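# Structural overview for review
Read off the chains here:
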Amino acid sequence: MSNFASRFEKYKNEFEWLYMELYNNRASLDKLIDEMETMYTKRSEELKALDTLREQNPNWYKGSDMLGITLYTDLFADDLNGLIEKIPYLKELGIKYLHLMPLLKMPHPQNDGGYAVEDFGTVDPKFGTNEDLLKLTEKLREAGISLCLDFVMNHTASSHEWAVKARQGDPYYMNYYHTFEDYNIPRWYEQTMPQVFPATAPGNFTYCDDMQRWVMTTFYPFQWDLNYWNPEVFREMSMAMLNLCNMGVEVLRIDAVPYIWKELGTSCRNHPKVHTIVRLVRIMMDCICPSSIIKGEVVMAPHELAPYFGTPEQPGCHLLYNVSSMVNLWSSLASQDVRLLKEQLNTINALPKHCSFVNYLRCHDDIGWGLDEADERRFGIDPLQHKIFLYRFYEGKFPGSYARGMLYNYDPVTLDARTCGTCASLCGIEAAQNDNDLELAIKRMLLMHAAMMSIKGLPMLNSGDEIAQLNDWSFLEDPDRRDDSRNIHRSKFDWGMVRFKDRSYTLQYKIWKNLKKLKELRSANPCFNGEADVTTWDTRNDRVLALIREFEGKKLICLFNFHYEPQGAYLPLISGNYEDAFTNTAYQVENGIMLKPYQYMWLIEK
Ligand code: GLC
């Protein structure tokens, strides 16, 4: 019996049950299982060996030594071969997980940063060839770095072969998408479907002249939503996904997964059938390529997240983006108040052990101000007013703001807006007028990273942040890029700045050295294991967050002052002698401790 067969044996009943619930089509199920087996046969011996290794250590991605980074291949190193040459740089920074922004074949220049895919099995010539990708995955494996790639599940580019055939009127491929001969049904959908890009791409449907039909396009008009009611779509997309894993992709970032199931009369987000599909994909991966894991891109309200993990017995995604901690960290920084963050961390910390997150401060996308409104109201915070404060603050338009960012998708009807900008610019480095401003901005940036690297999960940097790269406003002059303000933080990596990281008087040195130190301290301390118990403590000071991490009898106390003035934290339960791992300073804690402006501490009992 092959490994595939013995693994599948375990899941067969469940897999068939779930599949039939979705499609009720035996013939297509048999075809799918046949193709799954073929995928397994095509998997290389080297990857099969990795599968066996990781089956014995399924928590490999939860190690305290994990640190990720996310970057655009072309902006960082021109192409895949260039990237191979930059692996030593990533190693020097301590990277173990590399998320490359989309690099599969895409239309140019309009491609939503690569999220409009023309061919799920071919690297875009701009980045190189499939052989280059294979070479890269091999080199990354040698360097102990796991590659993460996007799998854009919800849609294809309107220039994808399937869409081209649909456009020509081929009914088989028209059924790959949601198309309608008049606007009647789209109108019904619009009544319950919110908009993703209300300013840059309003509405959820686009009229296609060639086909003389309306097509569902939740994102941009050139991104056609796939029809997962059609089992052929599910089969083709699953095979494309497994094919990427066979090329050595160890983490699949399933893009916009909440959107994949469309049902009239619903929001077409987080539909229960989405979870069925995620579970089916997980089973396929556990049977064919168990060394690869799934990271879900679920940018949804906090209460929608848990189902994407499934249950411990029937898990779904291995990892999700910790969007809500990210947003709460930025909210705490602006308001110098940690109450909402603390509540949100309590919610996350209460999730069962199989739920793991990728923590981050910035990524290629905007910051959408989705805070927990019930929590806000409990604290007497008006959700809309707070949101307006946040986006105005990070736009630099609020009195006293040190941030320099841009609005994204401002909606004059709902007054919703999101924020774009690099970490350094949002923390005040761009606006700093003097040494004092700059010192404070650096402190903010390090505080934010220290906090992000202390909460439960796998920390991930955004390329450029390690050298405090600022906003690049030049996109405003490029007609192909100026309408999407996310481009302000999607700029060429500044290799010229990298050499400054070794000169002790520079900004780059202060950021790089301290981020690296955070990573090294994490790696050396088992309390940072992803399985650690993490709790928040009350400090009787809403400006200071206290996190306690405990693992195998060891304890670490993490403190963060989100205020620009010194603050005390009342912590009678930890009275005793401690050392701050970060500065090696000894502290005698008697009921409490004082923190300097924006100071953070990792206290270990002596
Ligand atoms: C995800 C990506 C975003 C893209 C969208 C549509 O949210 O992160 O950049 O615009 O999907 O594919």
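Calculation rules
Residues numbered from 1 in each chain as written. Predicted model: local features only at pLDDT ≥ 70, side-chain atom pairs only at ≥ 80, totals over all residues. Heavy atoms only, no water. Core = buried A, V, L, I, M, F, W, Y, C linked by side-chain atoms within 4.5 Å. Buried < 20%, exposed > 50% of the residue type's maximum accessible area, 1.4 Å probe, protein only. Helix = DSSP H or I, 4+ residues; strand = E, 2+ residues; numbered from the N terminus. Domains from an automatic or database assignment. Contact = heavy atoms within 4.5 Å. Salt bridge = Lys/Arg side-chain N within 4 Å of Asp/Glu carboxyl O. Pairing = 2+ DSSP bridges. Axes fitted to C-alpha atoms, helices over the stretch in contact; angles between N-to-C directions.

A few words on the nonpolar core. Formed by 195 residues in total, the largest nonpolar core has its most connected members in Y228, W330, F560 and F562. The element that contributes the greatest number of residues to this core is helix α12 (residues 272-288), accounting for 10 residues. Here this core gathers at least three residues from each of two domains, domain 1 (155-225) and domain 2 (531-605). Setting aside anything within four residues of it in sequence, one finds F562 in contact with L329, S332, L333, Q336, V338, L341, L447, M448, A451, R543, L545 and Y598.

Mapped onto the elements of the fold, D542 is located in the loop between β19 (533-537) and β20 (544-551). When the C-alpha positions of D542 and N561 are compared, they lie 9.3 Å apart, and in sequence the two are 19 residues distant. With residues up to four places along the chain from it excluded, the contact list for D542 reads Q336, D337, V338 and R339.

Quick look at unusual backbone geometry now. Along the chain, H108 connects to P109 via a cis peptide bond; the corresponding omega equals 0°. Looking at the element boundaries, P109 is found in the loop between β3 (104-105) and β4 (119-123). Notably, N24 is not glycine yet its phi reads approximately 45°, a positive angle. On the secondary structure map, N24 appears in the loop between α1 (3-23) and α2 (26-42). Looking at N24, the relative accessible area reads 62%, which means it is exposed. The phi dihedral of N584 falls on the positive side, at around 60°, and the residue is not glycine. If you trace the backbone, N584 turns up in the loop between β23 (576-580) and β24 (585-589).

Glancing now at the domain arrangement of the chain. Segmenting the chain into domains produces domain 1 (155-225) and domain 2 (531-605). Computed from C-alpha coordinates alone, the two centres of domain 1 and domain 2 are separated by 53 Å.

Turning our eyes to something else, we now look at the pattern of salt bridges. The full count for this structure, using the stated rule, is 42 salt bridges. The salt bridge involving E250 is made with R54; its shortest N-O contact spans 2.9 Å. One end of the pair, E250, is in the loop between α11 (231-246) and β11 (251-255); the other, R54, is in helix α3 (residues 45-56), with 196 residues separating them in the sequence. Residue classification places E250 among the buried positions, given a relative accessible area of 4%. In this structure, K262 and D225 form a salt bridge, with 2.9 Å as the shortest nitrogen-oxygen distance. Placement of the pair is K262 in the loop between β11 and α12 and D225 in strand β10 (residues 223-225), with a sequence separation of 37 residues.

Turning our eyes to something else, we now look at the sheet that holds strand β2 (residues 97-100). Strand order in the closed barrel formed by eight strands is β1-β2-β5-β11-β12-β13-β14-β18, and the pairing between neighbours is parallel. Across the sheet, the mean angle from the axis of one strand to that of its neighbour is 30°, orientation sign disregarded. Examined bridge by bridge, strand β13 (residues 319-321) and strand β14 (residues 356-360) share three bridges and lie parallel to one another. Bridging across to β14, L319 finds its partner in S356. Along the sheet, helix α18 (residues 435-452) contacts β14 and β18 (458-462); its crossing angle with β18, the most-contacted strand, is approximately 150°.

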